[in-house]
Amino acid sequence: MKGLEAEIKAELKTDPAPVLQSIREESQKIKHTGAGLVKDSPSLGHLELCSHLLAAYNVISPLQEDGGDIVGLLNRAMMKGINTWSMRLALRFMLYTCKGNPDRLRDIFGRLMEQYGATFKWTSTHREDDDADRFSLEIQRCFYYEFFKSHDKKMLTPVLCRLDSLWFEMVDPQKHGFYFDKSRYQTQGYGAPVCVFPIVMKKKDHS
């Protein structure tokens, strides 16, 4: 909502207060209709997040001039709200503690995904060969994708997918000893059947 306030001022050139209030009211309606999606405490948080995002789309779209990029606006608002110095610091610390140890990063991802609760289904795959040690976090069922699909707004899912770039753009092979394989990265929000987050640690050549 903080990110939206800034974007509404910049893009719509209007007082954001009544727009934000309309979004809150619309969000409560959406959340109420989606109550059946709540399976546990984490899924209630997922529902609240998605309801606010969909409400922002519904409220702001009619206020934009023809040709306005509503998805772009929501992307910027979400990044402004999440991409804070404290978030960046936490991510840097996480990557630092995993320096040269992708197995530790895999364990951290596993603990994080467990906190996403019952409405996410995921696995962690591992493959090692003479060249590299590889693992991937793979998400087969994503609450966010299923929510927006049910509202015929699948194009909003990447607004949340893009938040992943906060951590993988920080991965520095020289500093951390592994890299994020963007060539194999995919998410359901961008049309893939499963989400894949691939990490690779190249082995040193001792020949």
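Now for a description of the structure that goes with this document. (Residues numbered from 1 in each chain as written. Predicted model: local features only at pLDDT ≥ 70, side-chain atom pairs only at ≥ 80, totals over all residues. Heavy atoms only, no water.)

## Focus: the nonpolar core
Then comes step 1: Leu4, Ile23, Ile60, Leu74, Leu105 and Trp167 are the most contacted members of the largest nonpolar core, which totals 55 residues.
Then comes step 2: The greatest single-element share of this core, amounting to nine residues, is contributed by helix H3 (residues 41-60).
Then comes step 3: Sequence-distant contacts of isoleucine 23, that is, excluding residues within four places in its chain, are made with Met1, Leu4, His52, Ala55, Ala56, Val59 and Ile60. (Core = buried A, V, L, I, M, F, W, Y, C linked by side-chain atoms within 4.5 Å. Buried < 20%, exposed > 50% of the residue type's maximum accessible area, 1.4 Å probe, protein only. Helix = DSSP H or I, 4+ residues; strand = E, 2+ residues; numbered from the N terminus. Contact = heavy atoms within 4.5 Å.)

## Description of the pattern of salt bridges
Then comes step 1: Taken as a whole and judged by the stated rule, the model has six salt bridges.
Then comes step 2: Across the pair glutamate 7 and lysine 80 runs a salt bridge whose closest N-O atoms are separated by 2.6 Å. A residue pair is termed long-range when its members are at least 10 positions apart, and glutamate 7 in helix H1 (residues 2-12) and lysine 80 in helix H4 (residues 70-82) qualify at 73 residues.
Then comes step 3: What makes glutamate 7 buried here is its relative accessible area of 3%. (Salt bridge = Lys/Arg side-chain N within 4 Å of Asp/Glu carboxyl O.)

## With respect to the side chain of aspartate 133
Then comes step 1: Residue position: aspartate 133 is located in strand S2 (residues 132-141).
Then comes step 2: Within polar-contact distance, the side chain of aspartate 133 engages the side chain of histidine 126 at 2.6 Å.
Then comes step 3: Those residues in contact with aspartate 133 that sit more than four places away from it in its chain are Pro102, Asp103, His126, Arg127, Glu128, Ile199, Val200, Met201 and Lys203. (Polar contact = N/O pair within 3.5 Å; in protein donor to acceptor, adjacent residues only side chain to side chain.)

## Things to note about the packing of helix H2 (residues 16-33) against H3
Then comes step 1: Running from amino to carboxyl end, H2 crosses H3 at an angle of 130°, the nearest separation of the two axes being 8 Å. Relative to H3, the element H2 is oriented oblique. Judged by the twist between their axes, the crossing of H2 over H3 is right-handed. For the pair H2 and H3, contact is made by Val19, Ser22, Ile23, Glu26, Ser27, Ile30 and Lys31 and by Leu44, Leu47, Glu48, Ser51, His52, Leu54, Ala55, Ala56, Asn58, Val59 and Ile60, respectively.
Then comes step 2: In terms of residue class, the contact of H2 with H3 is built from 10 nonpolar, five polar and three charged. (Axes fitted to C-alpha atoms, helices over the stretch in contact; angles between N-to-C directions. Parallel < 35°, antiparallel > 145°, perpendicular 65-115°, else oblique. Left-handed = near helix turned anticlockwise from the far one by under 90°. Nonpolar A, V, L, I, M, F, W, Y, C, P; charged D, E, K, R; others polar.)

## Some remarks on the packing of aromatic side chains
Then comes step 1: Within this structure, the stated rule accounts for 14 aromatic pairs.
Then comes step 2: Between tryptophan 167 and phenylalanine 180, the aromatic rings sit 5.2 Å apart at their centres with planes inclined by 90°, giving edge-to-face as the arrangement. Placement of tryptophan 167 in helix H9 (residues 165-168) and of phenylalanine 180 in strand S3 (residues 179-180) is noted, with a sequence separation of 13 residues between them. (Phe/Tyr/Trp six-rings, centres within 6.5 Å; stacked < 30°, edge-to-face > 60°.)

## Observations regarding the environment of leucine 53
Then comes step 1: Residue position: leucine 53 is located in helix H3.
Then comes step 2: Distance in space between the C-alpha atoms of leucine 53 and isoleucine 23 is 8.8 Å, their sequence separation being 30 residues.
Then comes step 3: Once residues within four sequence positions are removed from consideration, leucine 53 is found in contact with Leu74, Met78, Phe148, Leu156, Val159 and Leu160.

## Side note on the environment of serine 41
Then comes step 1: By the secondary structure assignment, serine 41 is in helix H3.
Then comes step 2: A residue is classified by how much of its surface remains accessible, and serine 41, at 60% relative accessible area, is exposed.
Then comes step 3: A C-alpha to C-alpha distance of 9.1 Å links serine 41 and tyrosine 116, two positions 75 residues apart in sequence.

## Observations regarding helix H5 (residues 85-97)
Then comes step 1: In a regular helix each residue adds 1.5 Å, so 13 residues correspond to 18 Å; H5 covers 18 Å between its end C-alpha atoms and thus fits that length.
Then comes step 2: Looking at the packing, one finds that the buried side of H5 touches helix H6 (102-114), H9 and helix H10 (173-176). (Expected span 1.5 Å × (residues − 1).)

## Section: the pairing of S2
Along any regular strand the residues' side chains alternate between the sheet's two faces.
Then comes step 1: Summarising burial for S2: eight of the 10 residues are buried, a large majority.
Then comes step 2: As paired strands, strand S1 (residues 121-128) and S2 are joined by eight bridges and run antiparallel to one another. Its bridge partner lying in S2, threonine 123 is registered against glutamate 138.
Then comes step 3: With eight bridges connecting them, S2 and strand S4 (residues 195-202) associate as antiparallel partners. (Pairing = 2+ DSSP bridges.)

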